[in-house]
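# Architecture at a glance
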Amino acid sequence: MQPHAQGSQGPDALARGMRFQALHRAAGLFVIPNPWDAGSARVLATLGYQALATSSSSLACSQGRADGAIGRDQMLAMVRPIVDATPLPVSADLEAGFGDTPEQVAHTIRLAAAVGLAGGSVEDAMDHGAAPLSISEAVERIQAAAEAAHALPAPFTLTARAENFLRGKPDLDDTIRRLQAYERAGADVLFAPALPDLAAVREVCAALTKPLSFMAGIPGKSFSIAELQAAGVRRVSLASSLYRTALQALVGAAQEVLDTGTFKYLDRALPSARLGPLMSGIPPASKP
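Predicted model only: the values in this text are computed from it and were never measured.

## Details of the pattern of salt bridges
- Inspection of every chain in the model, using the stated rule, returns nine salt bridges.
- Asp124 serves as the salt-bridge partner of Arg178, at 3.1 Å between the closest nitrogen and oxygen. Highlighted residues: Arg178 in helix α7 (residues 172-184) and Asp124 in the loop between β4 (119-123) and α6 (135-150), separated in sequence by 54 residues.
- A relative accessible area of 3% means that Arg178 is categorised as buried.
- If you follow the salt bridges from partner to partner, you end up with Asp124, Lys169, Asp174, Arg177 and Arg178 in one network.

Given below as C-alpha cells:
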C-alpha cells in the first residue's frame, strides 16, 4: 500500500467520495474504525477495513486535551495526515460544525472537503455536556451543511447526529423525530449514539429511509455485527474505543513496570518486526 498523495477536491477525492457512498448503498453493513494518526490509519487499512473515520475524543486525547478542547483548524490539521496515509475514504467527526450559525457550519463542511475528507458528521448539541438544540435550530444547521456538502465537486457524505441519549435526554420518540427532520433537511446518514437496546435500534431503522450509523464504543450498548445488521443498521462506528483500548494497554504496561519492576507486558506486545510490514500494507499471516 502506497501513501495517498494529497488531500484535495480533485480526481482522487471524487473516487473516494463515490466509494464511500457505495459502501452505504451496498447490502449489509460495514464497520468504520477510528484512527487517531497516520500510523493507526495505515494499520487499519492494512487489516482490511474499507473506510475510516475520526473521533473527536481520540484526536483531542492524543494531543493531551479533553474532548471538545481542540478547535476546527487544529482538528483539520490533524485529519489531513490521516487522509493522506491511505487510499481509503475518511469521514470526520466535525462535532457541532464549529460554528454558531448555519453559515459557519456550511463553511466547516467546505473546509473539511478541502483536506480530502469523503464525509463528516454534525451533532445537534453545541457544547460537550450541553442539552441538544431545538429541532428547528438543529434543522437549519443540518440543512446548511447538506447544501454545502451537495454543492461540492466531489461526493461528501453528511451524517447528522441526534445527541439525546448522550446528553441526558433518553427520549426515543424525540430522537426519531429529530432524525426524520434531519433526513428531510438533506443528511445522507443518520446517527443516534447510545441507543439503549436492539429494540430501539430496530425502531429507529424502521422510521428512516436513509442509512443509520451505530456507535459500538459504549459499554453495555454494543451488540454483535449480526444483531445490528438484522436490526437494519448500515454502518458501525468504533468511535474512541480503539484509542481507549490502546491507552489501556499503555497504562497497564507502564503501571506494571512501576509496581512490580517486571516487563511481562512485552510478551503481549506486537513484535518489532511486524511494525514495518503493517505500515507498508502487508497484512498479518494470521488473525491476531
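## A few points about the packing of aromatic side chains
- Considering all chains together, one arrives at three aromatic pairs under this definition.
- Both rings, one in Trp36 and one in Tyr243, keep their centres 5.2 Å apart while their planes meet at 80 degrees; by these two values the pair is edge-to-face. Here Tyr243 lies in helix α10 (residues 241-260) and Trp36 lies in the loop between β1 (30-32) and α2 (38-47), a separation of 207 residues in the sequence. The same class applies to Trp36 as to Tyr243, namely buried.
- Note on Phe214 and Phe223: the rings are 5.9 Å apart at their centroids and 45 degrees apart in plane angle, and the pair reads as tilted.
- Overall, the relative accessible area of 2% leaves Phe214 in the buried class.
- Between Arg161 and the ring centre of Phe191, over which it is positioned, the NZ or CZ distance is 5.1 Å.

## Regarding the environment of Ala51
- Of note, Ala51 is situated in the loop between α2 and β2 (52-53).
- Residues Ala51 and Pro87, spaced 36 residues apart in sequence, show a C-alpha to C-alpha distance of 9.0 Å.

## A closer look at the layout of surface pockets
- In this structure, the largest pocket encloses a volume near 700 Å³.
- Top contributing element to the lining of the largest pocket by residue count: α2, with five residues.
- When grouped by side-chain class, the residues that make up the lining of the largest pocket number 15 nonpolar, four polar and one charged.
- Size it by volume and the second largest pocket reaches roughly 470 Å³.
- Considering the residues around the second largest pocket, the lining is formed by 30 residues, among which Ser56, Asp93, Arg161, Met215 and Ala239 are closest to the centre.
- Where the lining of the second largest pocket is concerned, the elements lending two or more residues are α3 (56-62), β3 (90-93), β4, β5 (157-161), β7 (212-215) and β8 (235-237).

## Some details on the confidence of the model for the protein
- Summary statistics for the protein give a mean pLDDT of 94 and a share of 95% for residues scoring 70 or more.
- Counting contacts from residues 1-7, a segment whose pLDDT is below 50, to residues more than four positions away or on other chains yields 25 contacts.

## Observations concerning the pairing of β5
- Burial within β5 is extensive, with five of its five residues counted as buried.
- Both faces of β5 are covered, namely the face carrying Thr157, Thr159 and Arg161 and the face carrying Leu158 and Ala160.
- Sheet analysis places β4 next to β5, joined by five bridges and oriented parallel. Bridge pairing links Gly120 to Leu158 in β5.
- You can see the chain leave β4, run along α6 and come back into β5, and the turn it takes is right-handed.
- Following the chain from β5 across α7 to the adjacent parallel strand β6 (residues 189-191), one finds a crossover that is right-handed.

Rules used in this analysis
Residues numbered from 1 in each chain as written. Predicted model: local features only at pLDDT ≥ 70, side-chain atom pairs only at ≥ 80, totals over all residues. Heavy atoms only, no water. Salt bridge = Lys/Arg side-chain N within 4 Å of Asp/Glu carboxyl O. Helix = DSSP H or I, 4+ residues; strand = E, 2+ residues; numbered from the N terminus. Buried < 20%, exposed > 50% of the residue type's maximum accessible area, 1.4 Å probe, protein only. Phe/Tyr/Trp six-rings, centres within 6.5 Å; stacked < 30°, edge-to-face > 60°. Lys NZ or Arg CZ within 6 Å of the ring centre and 35° of its normal. 1 Å grid on protein atoms, 1.4 Å probe; cavity = no way out; pocket = protein on both sides within 12 Å on 5 of 7 lines; lining within 4 Å. Points joined across faces, edges and corners; volume = space filled by probe spheres on them. Nonpolar A, V, L, I, M, F, W, Y, C, P; charged D, E, K, R; others polar. pLDDT = per-residue confidence, 0-100. Contact = heavy atoms within 4.5 Å. Pairing = 2+ DSSP bridges. Right-handed = clockwise from strand over helix to strand, strands pointing away.

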